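Spelled out from the first residue to the last, the chains are:
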Amino acid sequence: MGKIFEDINWLKFRTHSISDALKSDKGEYVRLLGWIASKRAMGKIIFCLIRDGSGFIQVAGKEGITDEKALDAMKRVSLESTVMVGGLIRDDERAPKGKEISVKEFKIIALSEKWPITKSAIKSPSFLYDNRHLSIRGRKAISIMKIRSELIYSSFDFFKKQGFHLINAPTLVQSACEGGATLFNLNYFGKIAFLTQSAQLYEEAAICAFEKVFVLQPAFRAEKSKTAKHLTEFWMLEAEQAFATHEDIMKLEEDLLCHMISNVFEKCSEELRIIGRKFSPPDPPFPRITYDEAREIAISKGIEFEWGGDIPTEAENILSKSFDKPFFITGYPLSARSFYHMADPKDERITLSSDLIAPEGYGEIATGGQRIHDYNTLLERIRKQELPVESFSWYLDLRRYGLPPHSGFGIGIERLLRWICGLKHIRASTLFPRTITRINP
Ligand code: 4AD
Ligand code: MG
């Protein structure tokens, strides 16, 4: 069993975070709290790489120089134990970031058992995900999650500056936003309820109170497909704006994405380096092609599909690989879209909607468009798609009480992060992924 030594307030001993220690001048005395990320002995010197929430630093203890008790603790300490280290900052070219701590104090706070995540134990990627509660401490996983954190912070920052109100919507719902095929059903005190697929319908109610709203919350899809881009639970960033057209909303998506990516690029260069991703922020404007043009490109590359359906994954992959920055596909047929999409008055067979596609084969990252704001048109559409009118009664009701033309979009955080970080599988873009085959840990 892992062992905790003294039940005292360790926080009061800490003088520096690791990132602050790395900025300290040589000769300064620092005390850190953290985890043993790696350890090696070279002759009479023991090196440990210490990790805290702010970074990594190398510390060194030398026989004959370092206090005996501290050196003994360094010898005993195992990987991933938590420690308190005190010592003097010294410059050392060979140390990561050119600074090292010459150890004076070394106390083990919680001794870890033998760390199970070793190179020889990793026989398949699923081992890492079976042990995700531990493997998230790995350098790459930490870097991806720091980029995720920056992305989300920057989206909030963007929406705040643009005058959007942050709202929260329920995750237990009775009205399906994106069709019955991917609904998770649950028993709600004897009635059927679902886990939400999108906050959009609630955002549409909220715009009459706040005009511009955004939401970041989990969305659930009972995706039967085992692919590298589908999760069953993911985080969706959605925005909805009163009086806005589809055109306005595409501009908003473009501005948001450019802001988020340039922020990550500026703040996370070290993390991008660690995960080995070479990436430069895209410049606006993003190219636009129509559904018909997308279909022609796909057909010219040997992928046939009938007009009116969703763009098949194979075709989306090819399209995505033919661009070097994100692009919009507009003018999706009515038959390929959910009930709420507004038809284009210039061509009633298509919708005022678009998908935003990431380049390099990463595919769809966002969907947006203008919503039907007229009561009768919406009712007719609900009936045509044979959806249960009762469960949309409140949503229809909005159309009776001053709902203006409006538009919005939803962007999948994990899809966006997968592209930014260049990840093979979407599961690496979330801390505890949920897929068709995984609900643990
Ligand atoms: O395209 P979707 O289904 O659109 C909506 O839900 C709209 N109601 C959003 C809105 O207009 N407010 O989902 C939006 C985005 C997708 O483009 C994709 O990035 C992500 O959510 N997404 C998924 N991400 C991971 N796993 C899945 N199974 C996903 N399904 C959708
Ligand atoms: Mg979509």
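Residues numbered from 1 in each chain as written. Chains lettered and ligands numbered in written order. Predicted model: local features only at pLDDT ≥ 70, side-chain atom pairs only at ≥ 80, totals over all residues. Heavy atoms only, no water.

Counting secondary structure elements, the protein contains 13 helices and 19 strands. Taking the principal axes of the C-alpha coordinates as reference, the protein spans close to 85 × 55 × 45 Å. Relative to its full complement of 441 residues, the protein shows a buried share of 51%. The contacts in the protein between residues at least 6 apart in sequence include a share of 66% that link residues at least 24 apart. Summed over its atoms, the accessible surface of the protein is roughly 21800 Å², and 53% of this surface lies on carbon and sulfur atoms. Each charge class in the protein was averaged separately, 62 positive and 58 negative side chains, and the resulting centres sit 9 Å apart. (Helix = DSSP H or I, 4+ residues; strand = E, 2+ residues; numbered from the N terminus. Buried < 20%, exposed > 50% of the residue type's maximum accessible area, 1.4 Å probe, protein only. Contact = heavy atoms within 4.5 Å. Areas by Shrake-Rupley, 256 points an atom, 1.4 Å probe, with all protein chains shown as cover. Lys, Arg positive; Asp, Glu negative; His and termini not counted. Charge placed at Lys NZ, Arg CZ, Asp CG, Glu CD.)

The next thing to look at is the coordination of the magnesium ion (ligand 2). On the protein side, the magnesium ion (ligand 2) has E364 (OE) and T367 (OG1) as donor atoms, found 2.2 to 2.3 Å from it. For E364, a relative accessible area of 23% translates into the label partly exposed. (Donors = N, O, S within 2.8 Å, 3.2 Å for Na, K, Ca; no water.)

Turning next to the packing of helix α7 (residues 246–267) against helix α13 (residues 413–421). At a closest axis distance of 12 Å, the pairing of α7 and α13 adopts a crossing angle of 45 degrees. Put simply, α7 runs oblique to α13. Seen from above, α7 lies across α13 with right-handed handedness. Along the contact surface, α7 presents L257, M260, I261 and V264, while α13 presents L416, W419 and I420. Across the contact of α7 with α13, the residue classes tally to seven nonpolar, no polar and no charged. (Axes fitted to C-alpha atoms, helices over the stretch in contact; angles between N-to-C directions. Parallel < 35°, antiparallel > 145°, perpendicular 65-115°, else oblique. Left-handed = near helix turned anticlockwise from the far one by under 90°. Nonpolar A, V, L, I, M, F, W, Y, C, P; charged D, E, K, R; others polar.)

Among the nonpolar cores identified, the biggest contains 44 residues, and I147, F159, L237, L257, L416, W419 and I420 are the most heavily contacted of them. Counting only elements with at least two residues in this core, the list comes to α5 (139–161), β11 (212–220), β12 (233–242), α7, β17 (353–358), β18 (363–370), β19 (406–412) and α13. Considering every element that reaches this core, the biggest residue donor is α7, with nine residues. If we skip the residues at most four places from it in the chain, F159 touches F164, F214, L237, A239, L256 and F409. Formed by 23 residues, the second largest nonpolar core is a distinct cluster that contains C48, V59, I101 and I108. (Core = buried A, V, L, I, M, F, W, Y, C linked by side-chain atoms within 4.5 Å.)

Extensive coverage of β11 is indicated by the burial of nine of its nine residues. Both strand β7 (residues 165–166) and β11 contribute to a ladder of two bridges, which runs parallel. Across the sheet, residue L166 finds its bridge partner in β11, namely F214. One ladder, built from nine bridges, connects β11 with β12; its direction is antiparallel. Looking at the pairing, P218 lines up with W235 of β12. (Pairing = 2+ DSSP bridges.)

Let's shift gears to the sheet that holds β18. As summarised here, the arrangement of the eight strands in space is β7-β11-β12-β19-β18-β17-β14-β13, forming an open sheet in which the pairing is mixed. Of all the strands in the sheet, just β7 and β13 (288–290) have a single pairing partner and so form its edges.

Our next topic: the packing of α5 against α7. Where α5 contacts α7, the axes come no closer than 9 Å and their chain directions differ by 135 degrees. As summarised for this structure, α5 and α7 are arranged oblique, according to the angle between their axes. Along this stretch, α5 crosses α7, giving a crossing that reads as right-handed. Here I147, E150, L151, S154, S155, D157, F158, F159 and K161 of α5 come into contact with α7, specifically with L252, D255, L256, H259, M260, N263, V264 and K267. A per-class count over the contact of α5 with α7 returns eight nonpolar, four polar and five charged.

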